[in-house]
Amino acid sequence: MRFFVLACDYDGTIAHHGVVSPEMIAALRRFVDTGRRLVLVTGRELDELLEIFPEIDLFEWVVAENGAVLYRGSDREEKLLAEPPPESFVRTLRQRGVAPFSVGRVIVATWEPNQTVVLDAIRDHGLDLQVIFNKGAVMVLPAGVNKASGFLAALRQMGLSQHEAVGVGDAENDHAFLSLCECSVAVANALPAVKARAHFVTKGDHGEGVAELIDQIVNDDLAAISARMLARELIIGLDAQGREATLPAFGPGVLIAGPSGSGKSTTTTSLLERLVEQHYQFCVIDPEGDYDSLSFAITVGTADNGPSVREVLQVLAQPDQNVVVNLIGLRLSDRPAFFSKLMPQLLELREQSGRPHWLIVDEAHHLLPPAWDLATAFAKDLGRAVFITVNPDQVNSQVLSSVGTVIAVGASPDKTLRTYCRTQKIQPPTLPGGKQESGQVVVWSRSAGSDPLYVRVAPNAVERKRHIRKYAEGELPPDRSFYFKGPAGKLNLRAQNLMLFLQLSDGVDDDTWLHHLRSGDYSEWFRRCIKDDVLAGEARAIESLAEASAETTRSLMRKSVEHYYTLPIDRSRLSEDKDLTANAEAEE
């Protein structure tokens, strides 16, 4: 099952003129009978809703007052998600003749054209309130409160994420929560702007359209439309032409293979960061402790104590938490047994909640060998899994058959692809023309039937931090260090990192500094040895200031290096550096 929850707007969606038809009620019951869950997301006040909608308990949670109130019908529990409006503000609206208007637990509601008076009152009281419009209705709520924030609160209560949700609505205030859902739907009577942003539009209007949607979910979990309309992608990097290379966010499986030390962990970490950006939950099975430093995941297991299945499931119970299962505390011979014990539990959790969205199995040749006896059970749900290995031919062939994309890492991608294809008894693809550049991998989408591509993997923050530590304070070998020699070659001052480079640059005489500046030595070192094209580009701009003084160019160079290697990285702050360069040009 992919979709576990349906989030419905009330007015104009399941209700027509405020009334929910018997046919709509029957459709909602059909949906709940499949084990799926319902959430009502409405701008209406709760008391009014309870009065006009007797079957409200079909919905596990109700998000009322446009995101400000949560209500659970099973035990009549209410949760306020924001502060009520100040009495002084409500009193001012009455005094200024705003009518009609109502005050809920949190919301203040009226109709157009009263928004001008409302906005004046908000300003006069200095309140952090917002005005939301919905088909002529004017709703006043605390800033940041909307249907999306309320729906997220309901999902947290249910232990689900937005990726398990289908949302359906019709009006302006539905945009926020529909944009969260993995699949967004507009009924036929929806406003044009809502239809334009939805994944698809029902043929029927109001309840008929929602019933139509429910039947599609119940019949095939939206399989008939998912491939065509729900094509979410994860960006791997850029191909040789500068175009984005992507993976389907919902599978099929991925194989990352290549020799030891070729960059498999770096490629995998980049992919994990893309998953985090799109709020997909993952579980990494880490036999050798390669991923225990990820800041966006909780590591279970240490070098001294192995993980437990219970600990892993506790982390994954929260939809916004990711887990790294560190097996290094287990004996090598015990790791496959623990993996075989954990996998059924992870698959059961997937069956119940759709999560974790992605499973990442490092050292797959050790944990999923050809004779692995649980391969058949695991193969039922391999659509969102990444397998990392040095030797594809030592991984279970049934597991490998689920792979839709192969990422070959290292200097011999042709060998990796041939090995994989031999396990599948298929013809290996032809590598792209041209020379593979340093930092590029080969990406082959077998499921799409496309040709392999050279791809430069999107840099990840973890590797960037390592890069900064290495080049700012580390020890570069002699052949990659910078040497201040001067115009006559009388000096031989070695800078084996960037911090020492800055210290020496302050100490050398002006002739030595300017000699290397005019020769373009600084930008060349940054490009070739520090491997930072952005810093090299800034250095070239400074080197081009032919008449600028040694003092000015030293200051500019220091600011550029410190900007990227001793301060928080923010490439968007290039405007500051342009201002410095402009001042130097004026000096000329």
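Residues numbered from 1 in each chain as written. Predicted model: local features only at pLDDT ≥ 70, side-chain atom pairs only at ≥ 80, totals over all residues. Heavy atoms only, no water.

## Let's talk about the layout of surface pockets
Heads up, the condition is: Grid spacing is 1 Å over the protein atoms alone, the probe is 1.4 Å, and a cavity is where that probe fits but cannot get out, while a pocket is an open set with protein on both sides within 12 Å along at least five of seven lines and lining residues have an atom within 4 Å of a point. Grid points are joined across faces, edges and corners, and a volume is the space filled by probe spheres set on the points. The secondary structure listing takes helices from DSSP runs of H or I that are at least 4 residues long and strands from runs of E that are at least 2 residues long, numbered from the N terminus. Under the convention adopted here, Pro, Cys and the residues Ala, Val, Leu, Ile, Met, Phe, Trp and Tyr are nonpolar, Asp, Glu, Lys and Arg are charged, and Gly plus all remaining residues are polar.
Considering only enclosed or pocket space, the second largest pocket measures out at about 530 Å³ in volume. Around the second largest pocket sit 23 residues that line it, and Asp11, Arg44, Trp111, Asn134 and Ala137 are the ones nearest its centre. The element best represented in the lining of the second largest pocket is strand β7 (residues 108-111), accounting for three residues. Residues of the lining of the second largest pocket, tallied by class, amount to eight nonpolar, seven polar and eight charged.

## Looking at unusual backbone geometry
Both trends apply: most residues other than glycine have a negative phi, and most peptide bonds are in trans. Of the consecutive residues Glu112 and Pro113, the connecting peptide bond is found in the cis state with omega at 10°. Cis geometry marks the peptide bond from Arg355 to Pro356, where omega comes out at 0°. Here Pro356 shows up in the loop between α12 (335-353) and β19 (358-361). The phi dihedral of His279 is positive, around 65°, even though this residue is not glycine. Of note, His279 is situated in the loop between α10 (264-277) and β16 (282-286).

## Observations regarding the nonpolar core
Which entries qualify depends on this criterion: We call a set of buried residues a nonpolar core when its members are Ala, Val, Leu, Ile, Met, Phe, Trp, Tyr or Cys and they connect through side-chain atoms within 4.5 Å of each other. Each residue's exposure class comes from its accessible area (1.4 Å probe, protein chains only) as a fraction of the maximum for that residue type: buried when under 20%, exposed when over 50%, partly exposed otherwise. By definition, residues are in contact when any of their heavy atoms lie within 4.5 Å.
If you look at the biggest cluster of nonpolar residues, it comprises 69 residues, and the most contacted ones within it are Leu6, Ile14, Phe59 and Phe151. Per element, the largest residue contribution to this core is six residues, and it comes from helix α5 (residues 147-158). If near-sequence neighbours (up to four positions away) are discounted, Leu6 is found in contact with Phe31, Arg37, Leu38, Val39, Val166, Val168, Leu213, Ile214 and Ile217. If you look at the next biggest cluster of nonpolar residues, it comprises 39 residues, including Val309, Ala385, Cys421 and Tyr454.

## Focus on the sheet that holds strand β9 (residues 137-142)
The following threshold applies: Each pair of strands is called paired provided DSSP finds at least two bridges between the two strands. Note on method: axes are straight lines fitted to C-alpha atoms, helices fitted across the in-contact stretch only, with angles between N-to-C directions ranging 0 to 180 degrees.
Pairing is antiparallel across the open sheet formed by four strands, whose spatial order is β6-β7-β9-β8. Either end of the sheet is taken by a strand with one partner, and the two such strands are β6 (102-103) and β8 (129-134). Looking at chain direction, β8 and β9 are connected through six bridges and run antiparallel. For Asn134, the partnering residue across the bridge sits in β9 and is Ala137. Contacts from helix α3 (residues 87-95) reach β6, β7, β8 and β9 within the one sheet, and its direction differs from that of β7 by about 20°. Helix α4 (residues 115-125) contacts β7, β8 and β9 of the sheet and is inclined by roughly 165° relative to β8.

## Quick word on the pattern of salt bridges
A side chain of one charge can pair with a side chain of the opposite charge when the charged atoms of the two come close. Note the threshold: Within this document, salt bridges are pairs made up of a side-chain nitrogen of Lys or Arg and a carboxyl oxygen of Asp or Glu, the two lying within 4 Å of each other.
In total, this model carries 30 salt bridges according to the counting rule given. One salt bridge in this structure joins Glu48 and Arg44, with 3.0 Å as the shortest N-O distance. The exposure class of Glu48 is partly exposed, given its relative accessible area of 37%. Arg44 gets classed as buried once you look at its relative accessible area, which sits at 17%. Put simply, Arg72 and Glu77 hold a salt bridge, and the shortest N to O gap is 2.3 Å. Note on Arg72: relative accessible area 23%, which makes it partly exposed. Judged by its relative accessible area of 22%, Glu77 falls in the partly exposed class. Each member of the salt-bridge network shares a partner with another, and the members are Arg72, Asp75, Glu77 and Lys79.

## Here's the deal with the pairing of strand β15 (residues 253-257)
Most of β15 sits inside the fold, with five of its five residues counted as buried. Where β15 meets strand β21 (residues 403-408), five bridges bridge the pair, whose relative direction is parallel. In the sheet register, Gly253 faces β21, and the bridge partner there is Val403.

## Re empty space enclosed by the protein
Under the counting rule described, the total for this entry stands at two cavities of 30 Å³ or more. By volume, the largest cavity is sized at about 40 Å³. The element best represented in the lining of the largest cavity is α10, accounting for three residues. Of the residues in the lining of the largest cavity, the class split is five nonpolar, two polar and no charged. Considered as a void within the structure, the second largest cavity measures approximately 30 Å³ in volume.

## Comments concerning the confidence of the model for the chain
Should pLDDT be low for a region, the predicted coordinates there are not to be read in detail. Here is the rule we go by: As a per-residue quantity, pLDDT reports the predictor's confidence and falls between 0 and 100.
Here the chain shows a mean pLDDT of 89. Residues at 70 or above account for 92%. Confidence drops under a pLDDT of 50 for residues 567-588, and excluding neighbours within four residues, the segment shows 32 contacts in the predicted structure.

## Some thoughts on the side chain of Thr419
For the record, the criterion: As used in this structure description, the phrase polar contact means that two N or O atoms lie within 3.5 Å; if the pair is within protein, one of them must be able to donate a hydrogen and the other to accept it, and residues adjacent in sequence are counted only when both atoms belong to side chains.
By the element assignment, Thr419 lies in helix α16 (residues 413-424). The buried category is assigned to Thr419, whose relative accessible area is 11%. Within the structure, Thr419 has its side chain in polar contact with the backbone oxygen of Lys415 (distance 2.9 Å). Not counting the four nearest positions on each side in its chain, Thr419 is found in contact with Pro392 and Asp393.

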